[in-house]
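Read off the chains here:
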Amino acid sequence: MSEPQIVFENVIKRFGDTVAVDKMNFSIEQGEFLTIMGSSGCGKTTTLRMLAGLETPSEGEIRLAGKRINEIKPSDRNTPLVWQSLALFPFLNVVENVEFGLKMRSIQSHDRKQRAMKWLERMEISEFANRPVAQLSGGQRQRVALARALVTEPPVLLLDEPLSALDANLVVRMQGVLSRLQKELGITFVYVTHSQSEAFAMADRVVIMSQGLIEQIGTPKQVFREPATRFVAEFVGSNNILTGIISKIENRKLHVDTEIGLVIADQSGHDDLATGNPVDIVISADRLNLYSLDSPDEADSSSNKYRCKLVSEEFIGAIVTLLVETENGTELKIQKQQKDLDKDLSNVNLETGQQLWVSWPGESVYIVPAKQSAKFVSPNSPTCPPTFSTG
Amino acid sequence: MNLIMHLRINADRVIRLLLLGYLALVFFFIFTPIVTSIIFSFNSERFPTIPLGSFTWKWYQTIYADADVWEAAKTSIVVAISTSILATLIGFCTAYTDFRYQFRGKNSYLVLALLPPTIPLIILALAMLAWFSRLGISGKIWTIVIAHTVLCAPFAMAVIRLRLQQMDPDLESAAWNLGASEWAAMRNIVVPFTKSAIISALCLTMAVSFDEFAVAWFVSGLNKTIPVIILEILQGNIDPQINAIGTFVFVTSITLVIIAQLFFILRSPKQPTHV
């Protein structure tokens, strides 16, 4: 059985007294688009730099294609990096920048020019070949950086927040370019970002890090719908998180006492929980429903239903974000398509301060046992079964 | 309200004029002796008096014919070129060490590297003479080169260090990442990036060495440099050929300094700005 392309085994990186990356264990399959996400200082860039050989692990082992690479110099690795600052060489023109990696591998001038031009064409910037890089726009420079990294046809491409300097429209366009490129080339992309939308738009799997530790590894959907820890639930946003203690388990339903009262959730996937266990409850903002007080009961058969008052309403395109406050003062966030909201409320206009019902079905409640440690999820490795049932 | 604004604008104007006047005075005191010397170098009268005599190349012809001056010029040029290359090399290494590495005692290292120009020249010169005599190597051309290199390396370092500070540290890592060894990255990235500063440092140190008198006078022995021979001629008699040599030295130095400044200011390739 062959090992995944990249393996991190008990990798620790210290800078002086601070631990940047702590006991990291995960693997990346050949051809995977893996995103490492976390807030600044969580160790995601350090992880990437260790892959590139720009930092050496303090402990543990990193293997690439089955070979230990801890001691291999960055110049001998062929793990090109697309830098956050792009780091294009300012005194070289576009084609010379792209040729650089080939020149360092002593490839003949004619040959390397041809290969560089091929990549410039592929990135649709061949008309700028002889321009100094300073004359290009942000998006064009981005493409030069990509071409420069890919020209040596590496097995792995590392990307360190490459889109952070671009404006929003361009980010979406470049996401498309990157996704397509990764599929066409079939090589592994390891992409570091703090942006949830970038991560979710492109990644096959997402690694969420916090303070040097992996909080969760999973598909974007798993991370979004089934956060492994409270941190992940907070980090991916648009979640309502309640804290409580299990008071009763009945008919595979968990009864949890929380700050807003009793919440009933399905037990599926949490057979290990018992009465008295502390848990965090995560309800995605798009799973909450709003009804007016006078609506008939049969309109909503949810097991969780609370009186609340509307605090604020905000429109972004077709999506409405509402904040409501329950009777004991807990705020809940609701995100709905405008047309769904209109249907639920029978086209009643909302006013701030208005009393409403907020409700959600038991199966949309996601339970995170309190202080749960990170889980290891790998899509293909039989030794590491998925921690969560999907669906 | 209006009055206060008006007064303030007027006060600004007055301060501006005063500052301009001050600047003009500074330039006047710096350049008048030099310009006077240049003018009298073309004057046929033996003594620098007004009214001027007729225009003449006489004094230039005198120094052209003087073997001692030629010898001194040759020594000065050899010393200046060797010094500039050595000092720039050392300055580059010092600046690069500062750019690339973090280490304990880095501040002391920088202070030591920048120390020589802060020591009074006479003291530096005396110390050099005593040291070279003890080693038994005083009075050779290359002892002047060593002494001048000590004096000039900090200037080279300062110029190159300023340029390196503008370099994105990722550039060098990016070169390694693309397969460049450390030497290849140095040759292909660091040196081209700092090229303008290196040329600037070469010119600047050459000018400093070419002009330098005190240290050269102490350690030169029989290998006189131009500033040393100027003093010798001055001690002998009052002779307008001094003005001619002075003009030659001034033109050489100012040319080097201007080239240095041009390379330093233009800094040929600009970094792309990251938004």
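Residues numbered from 1 in each chain as written. Chains lettered and ligands numbered in written order. Predicted model: local features only at pLDDT ≥ 70, side-chain atom pairs only at ≥ 80, totals over all residues. Heavy atoms only, no water.

**Q** Kindly report on the environment of His194 of chain A, identifying the contributing residues and their values.
**A** All names here are of chain A. Mapped onto the secondary structure, His194 falls in the loop between β8 (188–193) and α6 (196–202). Each C-alpha atom of the pair His194 and Ser312 lies 28 Å from the other, and the pair is 118 residues apart in sequence. The contacts of His194, once residues within four sequence positions are left out, are Met37, Gly38, Lys44, Glu161 and Phe235. There is a polar contact of 2.7 Å between the side chain of His194 and the side chain of Glu161. (Helix = DSSP H or I, 4+ residues; strand = E, 2+ residues; numbered from the N terminus. Contact = heavy atoms within 4.5 Å. Polar contact = N/O pair within 3.5 Å; in protein donor to acceptor, adjacent residues only side chain to side chain.)

**Q** So, the pattern of salt bridges: which residues are in play, and what are the values?
**A** Residues and elements named next belong to chain A. Summed over the entire model, instances satisfying the criterion amount to 25 salt bridges over all chains. Close ionic contact of Glu55 with Arg49 constitutes a salt bridge, the shortest N to O distance being 3.3 Å. Overall, Glu55 belongs to the buried group, its relative accessible area being 17%. Owing to a relative accessible area of 22%, Arg49 belongs among the partly exposed residues under this scheme. Two residues, Glu99 and Arg112, come together in a salt bridge whose shortest N-O distance is 2.8 Å. Here the residue Glu99 occupies a position in helix α2 (residues 94–104), and Arg112 occupies one in helix α3 (residues 109–122), the gap between them amounting to 13 residues. Each of Glu3, Glu9, Glu61, Arg63, Arg68 and Glu71 takes part in a single network of salt bridges with overlapping partners. (Salt bridge = Lys/Arg side-chain N within 4 Å of Asp/Glu carboxyl O. Buried < 20%, exposed > 50% of the residue type's maximum accessible area, 1.4 Å probe, protein only.)

**Q** Break down the pairing of strand β12 (residues 253–258) of chain A for me, with residues and values.
**A** All names here are of chain A. Bridge analysis of strand β11 (residues 239–250) against β12 gives six bridges, and the strand direction is antiparallel. Across the sheet, residue Glu250 finds its bridge partner in β12, namely Lys253. Here β11 folds back onto β12 in antiparallel fashion, the turn holding two residues, of which Asn251 has a positive phi close to 50 degrees. As defined by bridge partners, β12 adjoins strand β13 (residues 261–266) across six bridges and the pair is classed as antiparallel. Its bridge partner being in β13, His255 is matched across the sheet by Ile264. Here β12 hands over to β13 after two residues, the two strands then running antiparallel side by side. (Pairing = 2+ DSSP bridges.)

**Q** Give me the domain arrangement of chain B: which residues, what numbers.
**A** Residues and elements named next belong to chain B. For chain B, the assigned domains are domain 1 (1–41) and domain 2 (59–266). Computed over C-alpha atoms only, the centres of domain 1 and domain 2 are separated by 33 Å. Both sides of the domain 1 and domain 2 interface together cover about 540 Å² of buried area, and 65% of this is carbon and sulfur. Considering only the side of domain 1, the residues that lose the most area to domain 2 are Ser37, Ile38 and Ser41, jointly responsible for 66% of the buried surface there. Counting across the interface, domain 1 meets domain 2 through zero salt bridges. Between domain 1 and domain 2 we count one residue pair in polar contact (both at pLDDT 80 or more) in total. Broken down by class, the residue content of the side of domain 1 that touches domain 2 amounts to four nonpolar, two polar and no charged. (Domains from an automatic or database assignment. Buried area = accessible area lost by both parts, 1.4 Å probe. Nonpolar A, V, L, I, M, F, W, Y, C, P; charged D, E, K, R; others polar.)

**Q** I'd like a description of the domain arrangement of chain A, backed by residues and values.
**A** Residue and element names in this part refer to chain A. By the assigned domains, chain A splits into domain 1 (6–225) and domain 2 (230–369). Centre-to-centre, using C-alpha coordinates, domain 1 lies 39 Å away from domain 2. The interface is formed by 14 residues belonging to domain 1 together with 10 residues belonging to domain 2. Between domain 1 and domain 2, a total of about 970 Å² is buried, with carbon and sulfur atoms accounting for 61% of that surface. When the buried area of domain 1 at its contact with domain 2 is split by residue, Gln196, Phe224 and Arg225 rank highest and sum to 52% of it. Where domain 1 packs against domain 2, one counts one salt bridge. Where Arg225 meets Asp286, a salt bridge forms, and the shortest distance between an N and an O atom there is 3.1 Å. Linking domain 1 to domain 2 there are three residue pairs in polar contact (both at pLDDT 80 or more). The set of elements that each furnish at least two residues to the side of domain 1 that touches domain 2 consists of α6, β9 (205–210), β10 (213–218) and α7 (220–225).

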